[in-house]
Amino acid sequence: MNSIKIKLVCIALIIGSIMPSCKDFVEVNTDPIGVPTTEPEKLLAPSLVNLLTVNMLRNRTFNNELMQVSVSISNAEGTVNRYDFRRNWADYTWNGLYTELTNVRDIYALASKPESQNNSLMGIARIMEAYGFSILTDTYGDIPYTEANRGKEGIVEAKFDRQKDIYLDLFKNLEEANSLLTGAKNITKDSDPVFDGNVSKWRKLGNSLYLRLLLRISGKAEVSATVIDKFKEIVNNPTKYPIMETNDDTANLLWTTSVTSTALYSSPYTSVRGLDFRDALSQFFLDNLRTWNHPVVSNTYGRGGVNRWGISRVGGNLVGVPSGFTPGSIGSGESSFYSHDNVPGRTTETPGYTLQTDPYTGIIMNVAEVDFILAEGVLRGWITGSAEEYYNKGILDMIQYWIPAYPGANLSAYMTAADILWEDGQSFENKLEALQLQKYYALFLVDSQQWAEQRRTGYPAFKTDLPGTSFSNGGKMPARLYYPVIAQTANRDNYNDAVAIQGPDEINTQMWWLKP
């Protein structure tokens, strides 16, 4: 009997102790730090950092290998510089950009609420959206767009949109951005690590990006006339459509020089091991720079005995590796990028340059690209002006981005000695090739733009049949990446529909703007 009483008392005590806890359950289990909502300005800086991080890291490991900038000294299979890569190469760009574009679309949604409408942030979000989605569609072709990033609405299997429709909608959004940012107020400086809150510069970026995308699809007969008319309208109406004009307009996020990957605004490259960062550089990439005696590889404009792009020399020379080299044919003794832990003078107050901690590597779009876009517009007869002047300006702007103190008065002598002067008497194709080669170097480190431009124009015309090389894919530049595994498994029906329309999920399947 006493035992039963004791048990009843214990039960009563337990119930008594539980009841207050149940009453306060919600309060106790509410995160005192996290908040259920946020302000759009607070999402901007993290979104910019994360978008650039994805694009910079994939530029280093994929674009640079594919576009004969760097060469992985590996004899294994699945090497990008040989056009031989596995399907899982598709995952990083897809997962990284889609994740961050959710936040970008949230910025727009929050900033467009009637009670707190902010035209500046709405316009900036539209530009960021065009930036991210254009890279995605240029990488894969048809992709989820209209229904993407709408999991909160219950859409977990997004349909794939046609690339043409995506481009046309991006144009509409960039028009909206230009209107929203016309006369808009600057935003908080601390929320914007790219332009310090200056919305007029965001407006220039949006319209410059507009020109990039118009040019990209201008070869499609079904939209060509409309696209060229819009290109002309933007260039001929600088008041309505201001574009980048100087390096001060270049859209970049200036990283700190910290070698700690967790530091605020430290370069994404600091997350890479020093040993891995020391990529060998390709013969194609270095041969041109060496032949031209380009300022970025001249010690005249270097520091601590290291050139501006932080490239090592072998026996005093720039020595590249043939892209697609036959496995087993390369030993050692090639030029490479210095890392922060092996650059000469690293323990002194004036260490040599290394791109691993360089503030200038976080490029969204630069003015030199705009110069070359305008040069091509003149070359094609779309706009008036001098293709030669735009071409020369592009070369100078590229140099002065990396070397601000480079004297503009030196340009003519440099171009003459390098034998890269514009020659009006050349054929259209020769002039386009010369223009695109300089644009290739201006697009160094700019996400996957080198690859997109090479697919659009065929330049640079890489040689894939040199002695000592063995390319896969028949030596043919891949037209796209595979769709990632998650698209095939978690969104199978829509994936199958996309493949039925676009073509087989293979690297040689041409996306819409590549098809004749």
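Reading the values: the criteria
- Residues numbered from 1 in each chain as written.
- Predicted model: local features only at pLDDT ≥ 70, side-chain atom pairs only at ≥ 80, totals over all residues.
- Heavy atoms only, no water.
- Helix = DSSP H or I, 4+ residues; strand = E, 2+ residues; numbered from the N terminus.
- Buried < 20%, exposed > 50% of the residue type's maximum accessible area, 1.4 Å probe, protein only.
- Salt bridge = Lys/Arg side-chain N within 4 Å of Asp/Glu carboxyl O.
- Polar contact = N/O pair within 3.5 Å; in protein donor to acceptor, adjacent residues only side chain to side chain.
- Contact = heavy atoms within 4.5 Å.
- Axes fitted to C-alpha atoms, helices over the stretch in contact; angles between N-to-C directions.
- Parallel < 35°, antiparallel > 145°, perpendicular 65-115°, else oblique.
- Left-handed = near helix turned anticlockwise from the far one by under 90°.
- Nonpolar A, V, L, I, M, F, W, Y, C, P; charged D, E, K, R; others polar.
- Phe/Tyr/Trp six-rings, centres within 6.5 Å; stacked < 30°, edge-to-face > 60°.
- Lys NZ or Arg CZ within 6 Å of the ring centre and 35° of its normal.
- Expected span 1.5 Å × (residues − 1).
- Bend = angle between axes of the 7 residues up to and from the residue.

Colleague: How do you make sense of the environment of Ala 418 when you look at a structure like this?
Modeller: Inspection of the secondary structure assignment puts Ala 418 in helix 13 (residues 411–418). Sequence separation between Ala 418 and Glu 65 is 353 residues, and the spatial gap between their C-alpha atoms is 26 Å.

Colleague: Where do I start with unusual backbone geometry in this structure?
Modeller: The amide bond that connects Tyr 459 to the next residue, Pro 460, takes the cis arrangement and shows omega of -5°. Secondary-structure assignment places Pro 460 in the loop between helix 15 (449–457) and helix 16 (485–489). Here the phi dihedral of Asp 419 falls at roughly 60°; this positive angle occurs in a residue that is not glycine. Of note, Asp 419 is situated in the loop between helix 13 and helix 14 (428–442). By relative accessible area, Asp 419 is classed as exposed at 63%. Although it is not a glycine, Leu 445 adopts a positive phi angle of roughly 75°.

Colleague: It is not clear to me how the pattern of salt bridges should be interpreted in this structure. Could you clarify?
Modeller: Where side chains of opposite charge bring their charged atoms close, a pairing between them can arise. Under the defined criterion, the tally for this structure stands at 32 salt bridges. A salt bridge links Lys 240 to Glu 233, with the nearest nitrogen and oxygen atoms 3.7 Å apart. Given a relative accessible area of 45%, Lys 240 falls into the partly exposed group. Across the pair Arg 456 and Glu 453 runs a salt bridge whose closest N-O atoms are separated by 2.8 Å. Remark: Glu 453 and Arg 456 occur in helix 15; sequence separation between them is three residues, near one turn of the helix. Neither Arg 456 nor Glu 453 differs from the other in exposure class; each is buried. Connected through shared salt-bridge partners, Asp 138, Arg 216, Glu 376, Arg 380, Lys 439, Glu 453 and Arg 456 make up one network.

Colleague: Hey, could you run me through the side chain of Asn 64 in this one?
Modeller: Structurally, Asn 64 can be placed in helix 3 (residues 40–66). A polar contact is formed between the side chain of Asn 64 and the side chain of Asn 63, at a distance of 3.4 Å. Aside from chain neighbours lying at most four places away, what touches Asn 64 is Asn 59, Val 69, Ser 70, Leu 445 and Gln 450.

Colleague: I'm lost on the packing of helix 3 against helix 5 (residues 119–140) in this one. Help?
Modeller: The axes of two packed helices give the description: the angle between them and the distance between them. Running from N to C, helix 3 and helix 5 cross one another at 20°; their axes reach a closest spacing of 12 Å. Viewed along their axes, helix 3 and helix 5 adopt a mutual orientation that is roughly parallel. Of the two possible hands of crossing, helix 3 and helix 5 adopt the one that is left-handed. Between helix 3 and helix 5, the contacting residues are Pro 40, Glu 41, Leu 44, Ser 47, Leu 48, Leu 51, Leu 52 and Asn 55 on the first element and Leu 121, Ile 124, Met 128, Tyr 131 and Ile 135 on the second. Broken down by class, the residue content of the contact of helix 3 with helix 5 amounts to 10 nonpolar, two polar and one charged.

Colleague: Got a minute to help me understand the packing of aromatic side chains in this structure?
Modeller: Two descriptors summarise a pair of aromatic rings, namely the distance from one centre to the other and the angle between the planes of the rings. Following the criterion strictly, the structure yields 38 aromatic pairs and no others. Taking 5.8 Å as the distance between ring centres and 85° as the angle between the ring planes, the aromatic pair formed by Trp 309 and Trp 402 counts as edge-to-face. With a gap of 93 residues between them, Trp 309 in the loop between helix 10 (283–292) and strand 6 (363–365) and Trp 402 in helix 12 (residues 387–402) connect regions that are remote in the sequence. Residue classification places Trp 402 among the buried positions, given a relative accessible area of 4%. Above the face of the Phe 325 ring, Arg 82 is positioned so that its terminal group lies 4.6 Å from the ring centre. When the ring centre of Tyr 483 is taken as origin, the NZ or CZ atom of Arg 480, which lies over that ring, is 4.7 Å away.

Colleague: Explain the environment of Ala 177 here, please?
Modeller: Following the sequence through the fold, Ala 177 ends up in helix 6 (residues 163–181). Placed 51 residues apart in sequence, Ala 177 and Arg 126 show a C-alpha to C-alpha distance of 5.9 Å. For Ala 177, the contacting residues outside a window of four places in its chain are Gly 123, Arg 126 and Ile 127.

Colleague: How should I be thinking about helix 3 in this particular structure?
Modeller: The α-helix winds at 3.6 residues per turn, so residues separated by three or four positions along the chain end up facing the same way. Relative to the 39 Å expected for 27 residues at 1.5 Å per residue, helix 3 spans 37 Å between its end C-alpha atoms, a close match to the ideal helical length. The largest bend along helix 3 reaches roughly 50° and is located at Asn 59. In terms of burial, helix 3 is largely enclosed, as 22 of its 27 residues are buried. Where helix 3 ends, the next residue or the one after it, Gln 68, has phi of about 55°, a positive value.

Colleague: For this particular structure, what's the right way to read the side chain of Asn 288?
Modeller: Here Asn 288 shows up in helix 10. Asn 288 sits in the buried class, given a relative accessible area of 17%. Side-chain polar atoms of Asn 288 contact the side chain of Tyr 441, separated by 3.2 Å. Setting aside residues up to four positions removed in sequence, Asn 288 forms contacts with Leu 437 and Tyr 441.

Colleague: Whenever I open this one, the packing of helix 11 (residues 367–379) against helix 12 confuses me. Can you help?
Modeller: The geometry of helix 11 relative to helix 12 is characterised by a closest axis approach of 8 Å and an angle of 165° between their N-to-C directions. Judged on the interaxial angle alone, helix 12 and helix 11 are roughly antiparallel. As for how helix 11 packs across helix 12, the hand of that crossing is left-handed. Residues Val 367, Ala 368, Asp 371, Phe 372, Leu 374, Ala 375, Val 378 and Leu 379 of helix 11 touch helix 12, and the partners they reach there are Ala 387, Tyr 390, Tyr 391, Lys 393, Gly 394, Ile 395, Asp 397 and Met 398. For the contact of helix 11 with helix 12, the per-class residue count stands at 12 nonpolar, one polar and three charged.

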